[in-house]
Amino acid sequence: MFKFIRSLFSNDLLVELSESKISIKVFSSDIKYEEEPYIAIEKTKKGEVVKAIGIAAKRQNSADISVTNPFKHPRSFVADFFLAEKIIQHGVFQIHKSWLRPAPRIIMHQLEKVEGGLTSIEDRVLRELAVGAGAREVVIYLGSKINTGVDTFDSVKLRVSAT
């Protein structure tokens, strides 16, 4: 019931993922979040703390701070699940700034390393990333880019697999 009420205050989101850019767009709107997928982690006495995300993370320069791109790995698309999840959470919360935590339907679109489709592990990673960002429903989409300004989300038209 509470999830349904939260869904009334959120929009469908398209998350496009690549090694060089993360793009989160709201369907039928100009609202979007685009950032380079870098995250700066500072090691403190209390543990690890996210210092910055995106271009601001690339500028961090300290012995205690490590800058990582969790979507850059020679064999796999997601190199560090925890850091990738933090970047997507940050993007979703930048779009849905509200006192009520949103529960959007998220369409995950991996733009790279999809030759031959996704393995069940890659599919699950994308689903878990979206759920970690607060999705009430996750759709995995493979294909050409979606024009969110013109197109409406139609699962039959786009031939997607939904949860």
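Residues numbered from 1 in each chain as written. Predicted model: local features only at pLDDT ≥ 70, side-chain atom pairs only at ≥ 80, totals over all residues. Heavy atoms only, no water.

All right, on to the overall build of the protein chain then. Along the protein chain, the regular secondary structure elements total 5 helices and 9 strands. Written out in order from the N terminus, the α and β elements of the protein chain read α-β-β-β-β-β-α-β-α-β-α-β-α-β. Across the 163 residues in the protein chain, those meeting the buried criterion constitute 43%. In the protein chain, the proportion of contacts linking residues at least 24 apart, taken out of those at least 6 apart, comes to 60%. If you sum the accessible surface of the protein chain, you get close to 9300 Å²; carbon and sulfur atoms cover 51% of it. (Helix = DSSP H or I, 4+ residues; strand = E, 2+ residues; numbered from the N terminus. Buried < 20%, exposed > 50% of the residue type's maximum accessible area, 1.4 Å probe, protein only. Contact = heavy atoms within 4.5 Å. Areas by Shrake-Rupley, 256 points an atom, 1.4 Å probe, with all protein chains shown as cover.)

Right, let's get into unusual backbone geometry. One non-glycine residue, Lys113, lies in the positive phi region at around 55°. Here Lys113 lies in the loop between β7 (105-110) and α4 (120-132).

The subject of this paragraph is the pairing of strand β4 (residues 39-44). Here β4 runs beside strand β5 (residues 47-53); their pairing, made up of 6 bridges, is antiparallel. Its bridge partner being in β5, Lys43 is matched across the sheet by Glu48. Connecting β4 to the next strand, β5, in antiparallel fashion are 2 residues. (Pairing = 2+ DSSP bridges.)

Here the focus is the sheet that holds β4. Spatially, 3 strands are ordered β5-β4-β6 in an open sheet, and the strand pairing comes out antiparallel. At either end of the open sheet lies a strand with only one pairing partner, and these are β5 and β6 (65-68). Averaged over all neighbouring strand pairs, the angle between strand axes comes to 30°, with direction disregarded. The sheet contacts of helix α3 (residues 81-95) involve β4, β5 and β6, and relative to β4 the element is tilted by about 115°. (Axes fitted to C-alpha atoms, helices over the stretch in contact; angles between N-to-C directions.)

A few words on α3. With 15 residues, α3 should reach 21 Å at 1.5 Å per residue; the first-to-last C-alpha distance of 21 Å fits that figure. Of the residues making up α3, those classed as buried are Leu83, Ala84, Glu85, Ile87, Ile88, Gln89, Gly91, Val92 and Ile95. (Expected span 1.5 Å × (residues − 1).)

Bringing the confidence of the model for the protein chain into the picture now. Across the protein chain, the average pLDDT comes to 85, with 85% of residues at or above 70. Per-element averaging of pLDDT across the protein chain places helix α5 (residues 155-158) at the bottom with 44 and α4 at the top with 95. The model gives residues 158-163 a pLDDT under 50, and that stretch makes 19 contacts with residues more than four places away or in other chains. (pLDDT = per-residue confidence, 0-100.)

Interaxial distance between α3 and α4 falls to 8 Å at its minimum, and their mutual angle equals 45°. In this view, α3 runs oblique relative to α4, as classed from their interaxial angle. In terms of crossing hand, the pair formed by α3 and α4 is right-handed. Each of Phe81, Ala84, Glu85, Ile88 and Gln89 in α3 lies in contact with α4, whose residues at this interface are Val125, Glu128, Leu129 and Gly132. (Parallel < 35°, antiparallel > 145°, perpendicular 65-115°, else oblique. Left-handed = near helix turned anticlockwise from the far one by under 90°.)

Let us now look at the environment of Ser76. Along the polypeptide, Ser76 turns up in the loop between β6 and α3. Residue classification places Ser76 among the partly exposed positions, given a relative accessible area of 29%. With 46 residues separating them in the primary sequence, Ser76 and Glu122 have C-alpha atoms 8.6 Å apart.

Leu17, Ile24, Phe71, Ile88, Ile106 and Met108 are the most contacted members of the largest nonpolar core, which has 28 residues in total. Taken together, the elements giving at least two residues each to this core come down to β1 (13-17), β2 (22-26), β4, α3, β7, α4 and β8 (137-141). With 6 residues, α3 is the largest single contributor of residues to this core. Dropping the residues within four chain positions of it, Ile88 is found in contact with Leu17, Ile24, Phe71, Met108, Leu129 and Ala133. (Core = buried A, V, L, I, M, F, W, Y, C linked by side-chain atoms within 4.5 Å.)

Right, let's talk about α4 for a bit. Along its 13 residues, α4 runs 18 Å from first to last C-alpha, staying within 8% of the 18 Å computed at 1.5 Å per residue. Restricting attention to buried positions, one finds in α4 the residues Asp123, Leu126, Arg127, Leu129, Ala130 and Gly132. Two residues or fewer past α4, Gly134 is found with a positive phi of approximately 100°.

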